[in-house]
Amino acid sequence: QKIFAFSIRKDEEPYVKEWANEHPDIDVDYTDKLLTPETAALAKGADGVVVYQQLDYTPDTLQALANEGITKMSLRNVGVDNIDMDKAKELGFEITNVPVYSPNAIAEHAAIQTARILRQTKVMDEKIAKGDLRWAPTIGHEVRDQVIGVVGTGHIGRVYMQIMEGYGAKVIAYDPFENPELKAKGYYVDNLDDLYRQATVISLHVPATKENYHMINADSIAKMRDGVTLVNCSRGALVDTDAVIKALDSGKIFGFVMDTYENEVGIFNANWEGKDFPDARLNDLIHRPNVLVTPHTAFYTTHAVRNMVIKAFDNNIELVKGEKADTPVKVG
Ligand code: NAD
Ligand code: COI
């Protein structure tokens, strides 16, 4: 049996080799190229593919894989919002993801950035680099003085809540599917409007779905407290960026943590040094003192990457062998 992996980065290679060494009976091959209609044929002869990319898995891409007789596809990541599910269903694809590779990686990043924005570290670092070692006016806010509103109490949201409580903050949460343990402890507010009304920091930990598209928009921002801090380490599509920029300009939003951006595909995880930067709005956000942009790196830790690779290969061999997959994705 053969598994072929697409878009393997240098930092993933050791884990691919580790898995291959532990499975000498399986033929493992890989490329650093993304899966596209043009590259799908690289997987010729494979029984399954292991993939990760932010580029869409378009109908053409899925068709090109199916033309090679390959319909068993294992994602190395959580999000499945970039797969054309109708086409995948039509072609009989079986798909797995890695829903829990390290919630701590993302939650920890969100927590670090929350603390950094509240303490104005970006401003202070830039002042210090210029030789300005004065304190004022760069005064910080303590995390323990915040009401942290967590939207989505799944794997990542729950870890973020624990970290924020560790700082001594009051934590409230909203999720239409309430976790019984969190409910018993009284974390939940009744609806998002309640959360917007109370929270001084709002952190999003929900998937990008049709229903959640631009859940943070001019209307929802208007319901928030003046000087609120917004943290998005989830998906760019959750946030109407123009509405946030207006609120940053007016001071309604004090600070914005942005690990994911609605136009990030093709821009994040690329080197723009010495080239024309392709997105003026993003460029503006990057250079604001009260905005912390990271290029979708919340997940990017050694712990997470190893789990993503090993688990995706484990999943794919289950599919290839016709066994029940541990973490199947609903196709269609
Ligand atoms: P999860 O499925 O464990 O939890 C998501 C929770 O969101 C669920 O409990 C669900 O009921 C809730 N939810 C859905 N819509 C909601 C809404 N409108 N309001 C409130 N709650 C809602 O997922 P997770 O593992 O915690 O991951 C959350 C998201 O983080 C993923 O969907 C992905 O988009 C994002 N993510 C980002 C990175 C990164 O590197 N930045 C990495 C992994 C995942
Ligand atoms: C996910 O796992 O869904 C992510 O957002 C991380 C991805 C960029 C590897």
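Please refer to the structure placed before this passage.
Residues numbered from 1 in each chain as written. Chains lettered and ligands numbered in written order. Predicted model: local features only at pLDDT ≥ 70, side-chain atom pairs only at ≥ 80, totals over all residues. Heavy atoms only, no water.

Caption draft 1: Fine view of the site of ligand 1. By nearness alone, 26 residues border ligand 1, and His155, Ile156, Asp175, Asn212 and Asp259 come closest of all. A distance of 2.6 Å is found between an oxygen atom of ligand 1 and a side-chain nitrogen or oxygen belonging to aspartate 175. Protein contact buries 85% of the 860 Å² of open area that ligand 1 shows by itself. When grouped by side-chain class, the residues that make up the shell around ligand 1 number 15 nonpolar, 8 polar and 3 charged. (Near = heavy atom within 4 Å. Polar contact = N/O pair within 3.5 Å; in protein donor to acceptor, adjacent residues only side chain to side chain. Areas by Shrake-Rupley, 256 points an atom, 1.4 Å probe, with all protein chains shown as cover. Nonpolar A, V, L, I, M, F, W, Y, C, P; charged D, E, K, R; others polar.)

Caption draft 2: Quick peek at the side chain of serine 234. Considering the arrangement of structural elements, one finds serine 234 in the loop between strand S9 (228-232) and helix H10 (241-250). Among the polar contacts made by the side chain of serine 234, one reaches the main-chain carbonyl oxygen of leucine 204 at a distance of 3.3 Å. Only 3.2 Å separates the side chain of serine 234 from the backbone oxygen of valine 206, close enough to count as a polar contact. The residues touching serine 234, leaving out its near neighbours within four places in the chain, are Leu204, His205, Val206 and Thr260. (Helix = DSSP H or I, 4+ residues; strand = E, 2+ residues; numbered from the N terminus. Contact = heavy atoms within 4.5 Å.)

Caption draft 3: Fine view of the pattern of salt bridges. Under the counting rule described, the total for this entry stands at 21 salt bridges. One salt bridge connects arginine 306 with glutamate 18, and the closest N-O pair in it is separated by 2.3 Å. Of the two residues, arginine 306 is situated in helix H12 (residues 302-320) and glutamate 18 in helix H1 (residues 13-22); the sequence distance between them amounts to 288 residues. Given a relative accessible area of 32%, arginine 306 falls into the partly exposed group. (Salt bridge = Lys/Arg side-chain N within 4 Å of Asp/Glu carboxyl O. Buried < 20%, exposed > 50% of the residue type's maximum accessible area, 1.4 Å probe, protein only.)

Caption draft 4: Highlighting the environment of glutamate 13. The residue glutamate 13 is located in helix H1 in this model. Note on glutamate 13: relative accessible area 17%, which makes it buried.

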